[in-house]
Amino acid sequence: NPSWYTSYTPYQAEISQGRLEALLNFQTMVSDLTGFKIANCSMLDDSTAAGEAVRMMYELRSREAVKAGKNKVFIDSNIFPQVEAVIRTRAEALGIEVVKGNFRTSEFDENCYGAVLQYPAANGEVCDYSAFCEKAHSKGILVTAVTDLLALALLKEPAAWGADIAVGTAQRFGLPMGFGGPTAGFMATREEFKRHIPGRIIGVSIDRLGKPALRMALQTR
């Protein structure tokens, strides 16, 4: 589509309407597959997106949880090793303690504020996490799903079984290496959390002539 590229350099996305349209399409696809209303378009890969989700859940703690010093995040034992490694690295710098266990049998620590699940799991198993999410939410704990977009074409979307954030990589669609990282990562979440989502969100506005125009609705830099 010739309207998807301009003579401007690729990193001037604020100027290029074609690039913004492509990013908006990406956000829309991620929203459709994850079941969330808000999705961004500037994650590097699934591992760093999961690290951002751990930080985001930490920021979203209630005032009572902050006062109580809740700083533990639960990760399921059936998670990809590269995702776990980045979560642990990011958590250490923020003073967050990572607790690993089986989602079916583990009990939440009283200082736990968030949980991370792999969907489908690292061994390929497709688990029903709805009861886990219900239990987590009853204790004020948020849940992140590290998921596979291609699998979500068939599986129940994370938003439908109780996740609060969905992250992952779009490499499964056959994208080549690039996009600033190994491939294009993604993050989607509930609309009430949009002010805490990292990166950028492309939105549709109206220009001075009354025509639809794309622009960065939200950007962290």
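Parameters at a glance
- Residues numbered from 1 in each chain as written.
- Predicted model: local features only at pLDDT ≥ 70, side-chain atom pairs only at ≥ 80, totals over all residues.
- Heavy atoms only, no water.
- Helix = DSSP H or I, 4+ residues; strand = E, 2+ residues; numbered from the N terminus.
- Rg over C-alpha atoms; globule rule 2.2 N^0.38 Å.
- Buried < 20%, exposed > 50% of the residue type's maximum accessible area, 1.4 Å probe, protein only.
- Phe/Tyr/Trp six-rings, centres within 6.5 Å; stacked < 30°, edge-to-face > 60°.
- Pairing = 2+ DSSP bridges.
- Contact = heavy atoms within 4.5 Å.
- Axes fitted to C-alpha atoms, helices over the stretch in contact; angles between N-to-C directions.
- Salt bridge = Lys/Arg side-chain N within 4 Å of Asp/Glu carboxyl O.

(A) Quick look at the overall build of the chain. Per the secondary structure count, the chain includes six helices and nine strands. Computed over the C-alpha atoms, the radius of gyration of the chain is 18 Å, within 12% of the 17 Å expected from 2.2 N^0.38 for a compact globule of 221 residues. With respect to the three principal axes, the spread of C-alpha positions in the chain is 55 × 40 × 30 Å. The burial tally for the chain puts 48% of its 221 residues in the buried class.

(B) Highlighting the packing of aromatic side chains. The full count for this structure, using the stated rule, is nine aromatic pairs. Ring geometry for Phe103 and Phe132: centres 6.1 Å apart, planes at 80°, overall edge-to-face. A residue pair is termed long-range when its members are at least 10 positions apart, and Phe103 in the loop between strand 3 (97–101) and strand 4 (112–119) and Phe132 in helix 5 (residues 130–138) qualify at 29 residues. Of the two residues, Phe103 and Phe132, neither departs from the other in class, the shared state being buried. For the pair Phe108 and Phe132, a centre-to-centre distance of 5.2 Å together with 55° between the ring planes defines the contact as tilted.

(C) Quick peek at the pairing of strand 8 (residues 200–206). Inspection of the sheet shows strand 8 paired to strand 9 (residues 212–219) by seven bridges, in the antiparallel sense. When the sheet's bridge partners are listed, Val204 is paired in strand 9 with Leu214.

(D) Spatial organisation of the sheet that holds strand 7 (residues 185–189). Taken together, the seven strands give an open sheet; going across it, the order is 1-7-6-5-4-2-3, and neighbouring strands pair in mixed fashion. Edge positions in the open sheet fall to strand 1 (38–39) and strand 3, since each of these has one partner strand only. Pairing between strand 4 and strand 5 (residues 142–148): six bridges, direction parallel. Residue Val116 lies in a different strand from strand 5, and its bridge partner there is Thr144. Sitting on the sheet, helix 2 (residues 46–59) touches strand 2 (72–76), strand 4, strand 5, strand 6 (165–169) and strand 7, and the angle it makes with strand 6 is about 160°.

(E) Structural context of the pattern of salt bridges. For the structure on display, the rule yields ten salt bridges. A salt bridge links Lys72 to Asp109; the nearest nitrogen and oxygen atoms lie 3.0 Å apart. Linking Lys72 in strand 2 with Asp109 in the loop between strand 3 and strand 4, this pair joins segments that are 37 residues apart in sequence. Among the salt bridges present, the one from Arg104 reaches Glu125, with a minimum N-O distance of 2.8 Å. Pair noted here: Arg104 is in the loop between strand 3 and strand 4 and Glu125 is in the loop between strand 4 and helix 5, with a separation of 21 residues, a long-range link. The exposure class assigned to Glu125 is partly exposed, which follows from its relative accessible area of 30%. Connected through shared salt-bridge partners, Glu52, Arg55, Glu59 and Arg90 make up one network.

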